[in-house]
Amino acid sequence: MKNSYAVVTGASSGIGAEFARCLAKEGYPLILTARRRDRLEELESELKAQGTECHIITADLSQKEECYRLMEELSGRTIGVFINNAGFGDCGVFLETDVDKELDMIDVNVKAVHLLTKLVLRKMEKQDGGYLLNVASSAGLFPSGPYMATYYATKSYVASLTRAVATELKEIGSNVYIGALCPGPVDTEFNSVANVEFALPGITPEYCAAYAIKQMKRRKVIIVPTLTMKMATVGGRIIPLAASARITGHQQKKKLTKNS
Ligand code: NAP
């Protein structure tokens, strides 16, 4: 679609910032959102210096009203790509983890993604096209994730919702694409926010975003960037649920370095 914008949530760091750089290289004018204005402004300056049209909208997506405000600010524009990327995790024993942080996580990882998916898809249907990519996680493809229980549950929601809606769109012959990016560990600020250290080596956010965009353009619904995670998530689904939970829990427990 000509003159269409790419919107990236959670663009102030990590995978979101790399999505912005990749989409700029593809020639999209950008709209970037997150809470940290200073970080967004730094990225805006970098991209504008390279000749990319770039706008920033600060928003706290844990607030429903802020999601509606973001969509209101996008109302006059055609949205070619929308990357629903903002999110965070937490790690620990469920009996002990901070419930307010978890409810905030559900607001950002589930409710905001749900609401923005609905509003963006309605807009894209009216436009008769567009790409909506939800950033889930390989965590969302495992049956459960002991010691990172809430995060795994939020990402399962995103993967399940995305798969279901993709099927519905296909059945009505829609030109609108929806997919879910499900990476394993990626080296970003995620760890310090989630209070973890990865059990496995991470991929770079540059590789993750570039791979995701390539697969999105091929209209792949579930996108898993590495062979190791592809095999792990398939394995996690074919073995008995209790065994899968034990193995995943064993991996997650290794991450409990800071808060154990
Ligand atoms: P990151 O560097 O910590 O980036 C997270 C982004 O989300 C930041 O831009 C942050 O911006 C934004 N965000 C968080 N809470 C927000 C809120 N309430 N309102 C608006 N924006 C908010 O971590 P990342 O790894 O790039 O994470 C991006 C996505 O990838 C997340 O959905 C994460 O679950 C997913 N993921 C990460 C990994 C990994 O290993 N890193 C693996 C699989 C999936 P502000 O703080 O400025 O608001």
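Scroll up for the structure.
Residues numbered from 1 in each chain as written. Predicted model: local features only at pLDDT ≥ 70, side-chain atom pairs only at ≥ 80, totals over all residues. Heavy atoms only, no water.

Peer 1: Tell me about the overall build of the protein chain, residues and numbers included.
Peer 2: Within the protein chain, the regular secondary structure consists of nine helices and seven strands. Relative to the 2.2 N^0.38 estimate, which gives 18 Å for 260 residues, the radius of gyration of the protein chain is 18 Å and therefore close to what a compact globule would have. Based on the C-alpha atoms only, the size of the protein chain along its principal axes is roughly 50 × 45 × 35 Å. Expressed as a percentage of its 260 residues, the buried residues of the protein chain come to 53%. For the protein chain, the proportion of contacts with a sequence separation of at least 24, taken over those separated by at least 6, is 69%. (Helix = DSSP H or I, 4+ residues; strand = E, 2+ residues; numbered from the N terminus. Rg over C-alpha atoms; globule rule 2.2 N^0.38 Å. Buried < 20%, exposed > 50% of the residue type's maximum accessible area, 1.4 Å probe, protein only. Contact = heavy atoms within 4.5 Å.)

Peer 1: How would you explain the pairing of strand β4 (residues 79–84) if you had to name every residue and give the values?
Peer 2: Burial of β4 is extensive: six of the six residues sit out of reach of the surface. Looking at chain direction, strand β1 (residues 5–9) and β4 are connected through four bridges and run parallel. From the neighbouring strand, V8 faces β4, where its bridge partner is I83. Pairing of β4 with strand β5 (residues 130–135), which is carried by four bridges, proceeds in the parallel orientation. Note on β5: the bridge partner recorded for V81 is Y131. (Pairing = 2+ DSSP bridges.)

Peer 1: Tell me about unusual backbone geometry, residues and numbers included.
Peer 2: For D128, which is not glycine, the phi dihedral falls at a positive 65°. Residue position: D128 is located in the loop between α4 (99–127) and β5. Even without being glycine, R219 reaches a positive phi, approximately 65°. Secondary-structure assignment places R219 in the loop between α7 (205–217) and β7 (222–223).

Peer 1: If you had to explain the packing of α4 against helix α5 (residues 149–171) to someone new, which residues and values would you point to?
Peer 2: Where α4 meets α5, the axes come as close as 9 Å, and the angle between the chain directions of the two elements is 15°. Taken together, α4 and α5 sit at an angle that is classed as roughly parallel. Relative to α5, the crossing made by α4 is right-handed. Packed against α4, whose contacting residues are E102, M105, I106, N109, V110, V113, H114, T117, L121 and E125, the element α5 presents T150, Y151, T154, K155, Y157, V158, L161, V165 and L169 at the interface. Per-class residue counts for the contact of α4 with α5 are eleven nonpolar, five polar and three charged. (Axes fitted to C-alpha atoms, helices over the stretch in contact; angles between N-to-C directions. Parallel < 35°, antiparallel > 145°, perpendicular 65-115°, else oblique. Left-handed = near helix turned anticlockwise from the far one by under 90°. Nonpolar A, V, L, I, M, F, W, Y, C, P; charged D, E, K, R; others polar.)

Peer 1: Explain the nonpolar core to me, using residue names and the numbers behind them.
Peer 2: L61, L74, F82 and M148 are the most contacted members of the largest nonpolar core, which has 50 residues in total. At the level of elements, β1, α3 (64–73), β4, α4, α5, β6 (176–181) and α6 (190–194) are the ones that each hand at least two residues to this core. In terms of residues, this core owes the most to one element, α4, which gives ten residues. Counting 35 residues, the second largest nonpolar core, distinct from the first, contains A6, V186, A209 and Y211. (Core = buried A, V, L, I, M, F, W, Y, C linked by side-chain atoms within 4.5 Å.)

Peer 1: Please provide a residue-by-residue account of the site of the ligand, values included.
Peer 2: If you check the shell around the ligand, you find 30 residues, and the closest are S12, R35, Y151, V186 and T188. The contact in question runs from an oxygen atom of the ligand to an N or O atom on the side chain of S12, over 2.7 Å. Starting from 880 Å² of accessible surface for the ligand in isolation, the protein chains cover 96%. If you list the elements that add at least two residues to the shell around the ligand, you get α1 (14–25) and α5. Considering only residue class, the shell around the ligand consists of 15 nonpolar, ten polar and five charged. (Near = heavy atom within 4 Å. Polar contact = N/O pair within 3.5 Å; in protein donor to acceptor, adjacent residues only side chain to side chain. Areas by Shrake-Rupley, 256 points an atom, 1.4 Å probe, with all protein chains shown as cover.)

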